[in-house]
Amino acid sequence: MEGVDVIIPLFNCASFIERAIISVQNQLKPVSKIIVINDGSTDTGPLIVSNMARNDKRIILLNGPNQGLSAARNKGIRASSEAFIAFLDADDAWEPEKIAKEFSVISNSPYSFVHTQARAIDTSDQLIDVSLYKSNPNISPSFDNIRLGIYPVVGSASSVLTRRKLLFEAGLFDENQHFGGEDWDMWARLAQFGPVCLIDEPLTRIRIVPSSLQRSMSGEDRARSRLHSRIMVASHWQNDMEFLLCHRKEARKDVWAVLRWLLLKPTALYQFYIFLRHHDEAAGRIIVTNIIDYISLIVRGMIQTVIGVIGSPGECKRLWNRFKTERNL
């Protein structure tokens, strides 16, 4: 009978790795292997895993230098052997029925991957917000919606179970992608091979760690990361003109998310324009067509923001507090 291997990248996550592995061990459907890839950790995380492996032969620890999240996942994929693979970040965890419910859905279906709803927990495993990772039920997990970023894969890697052969057919994780874009990129490429299914239950627990890279990034850096990820995902389909037109529409929203941090910096505004117009990827160059189009995008963004602020005093307060935080006022 086909089974499931679990892949857990590990980098300096000694505080949570034991809880992550225990959540795998507690699955109602036992998994075949728990492959932990030590990506150059300098804390006691690998030692914790080694000690756990003495009592559970399914745990395999692969040590190596720090090469990044995508490289670690790819190393785990290559070391796996079962027909299905589930990913789990070292600071996240699963509900006991997570794998059983996903496997029952995907094992006899054409789905390229399945994922679950998720909920956020803090460093003490306490629930933060049930709806923080809730997907929009009105948006379908179609190939187009995923590659356009309209449908975000809730829970991301920690919620996904997929077919090992499709990961290879998709080309594995892009080791040049960073800051979350590698996940989006992979789910889009996997969705080419078949429909995607959401199990509408919060079976994945995403840990919110205040010191994490994503949460410590500034608003501008997060916006730039989102735009970069969008362009890199779209670059796989640069010959699909219908898709590129939809991509351009969504990308302009992300461009404005960057621009609003640059409005008082004329030099930075111009440099960002040059960056877009001379981007290495056509999916980046088509976002703005010329300087007039660029200025028009800025003006429209400002008008829409003003309208939004006038219509919602709470939004005005939120934007002002965020501005003060970002500028250390």
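Draft legend 1. The side chain of Asn74, seen in detail. Its location among the elements puts Asn74 in helix H3 (residues 69-79). If we ignore the near neighbours within four places in the chain, the residues touching Asn74 are Leu172, Phe173 and Glu175.

Draft legend 2. Local environment of the pairing of strand S1 (residues 4-10). With seven of seven residues buried, S1 is to be regarded as a mostly interior element. As judged from the four bridges shared by S1 and strand S4 (residues 84-87), these two strands associate in the parallel manner. Of the residues in S4, the one forming a bridge with Ile7 is Phe87. With helix H1 (residues 17-25) bridging S1 and its parallel neighbour strand S2 (residues 33-39), the resulting β-α-β unit is right-handed.

Draft legend 3. Unusual backbone geometry, seen in detail. Here Ser156, not a glycine, exhibits a phi torsion of approximately 45 degrees, which is positive. Of note, Ser156 is situated in the loop between helix H5 (143-147) and strand S8 (161-163).

Draft legend 4. Region of the structure containing empty space enclosed by the protein. Taken as a whole and assessed by the stated rule, the structure comprises one cavity of 30 Å³ or more. What the largest cavity holds in volume is close to 50 Å³. Lining the largest cavity, in full, are Ile37, Asn38, Asp39, Gly64, Pro65, Gln67, Ala71, Ala72 and Lys75. Looking at the lining of the largest cavity, the elements that each hand over two or more residues are S2 and H3. In the lining of the largest cavity, the residues fall into four nonpolar, three polar and two charged.

Draft legend 5. Broad picture of the pairing of strand S6 (residues 113-121). Judged by how many residues are buried, S6 sits mostly within the fold: eight of nine residues are covered. Sheet analysis places S6 next to S8, joined by two bridges and oriented antiparallel. Across the sheet, the residue bridging to Val114 is Leu161, located in S8. Here S6 runs beside strand S9 (residues 196-207); their pairing, made up of nine bridges, is parallel.

Draft legend 6. The arrangement of the pattern of salt bridges in detail. Using the criterion set out here, one finds 19 salt bridges in the structure. Note that Asp125 and Arg19 form a salt bridge whose closest N and O atoms lie 3.2 Å from each other. Taken together, the positions of Asp125 in the loop between S6 and strand S7 (127-129) and Arg19 in helix H1 put the pair 106 residues apart, joining distant regions of the chain. Here Glu95 and Arg205 are joined by a salt bridge, their closest N and O atoms 3.2 Å apart. Note that Glu95 is positioned in the loop between strand S5 (93-94) and helix H4 (98-106) and Arg205 in strand S9, a separation of 110 residues in sequence. Each of the two residues, Glu95 as well as Arg205, counts as buried. Bridged by salt links that share partners, the residues Arg19, Asp125 and Arg207 form one connected network.

What counts and what doesn't
- Residues numbered from 1 in each chain as written.
- Predicted model: local features only at pLDDT ≥ 70, side-chain atom pairs only at ≥ 80, totals over all residues.
- Heavy atoms only, no water.
- Helix = DSSP H or I, 4+ residues; strand = E, 2+ residues; numbered from the N terminus.
- Contact = heavy atoms within 4.5 Å.
- Buried < 20%, exposed > 50% of the residue type's maximum accessible area, 1.4 Å probe, protein only.
- Pairing = 2+ DSSP bridges.
- Right-handed = clockwise from strand over helix to strand, strands pointing away.
- 1 Å grid on protein atoms, 1.4 Å probe; cavity = no way out; pocket = protein on both sides within 12 Å on 5 of 7 lines; lining within 4 Å.
- Points joined across faces, edges and corners; volume = space filled by probe spheres on them.
- Nonpolar A, V, L, I, M, F, W, Y, C, P; charged D, E, K, R; others polar.
- Salt bridge = Lys/Arg side-chain N within 4 Å of Asp/Glu carboxyl O.

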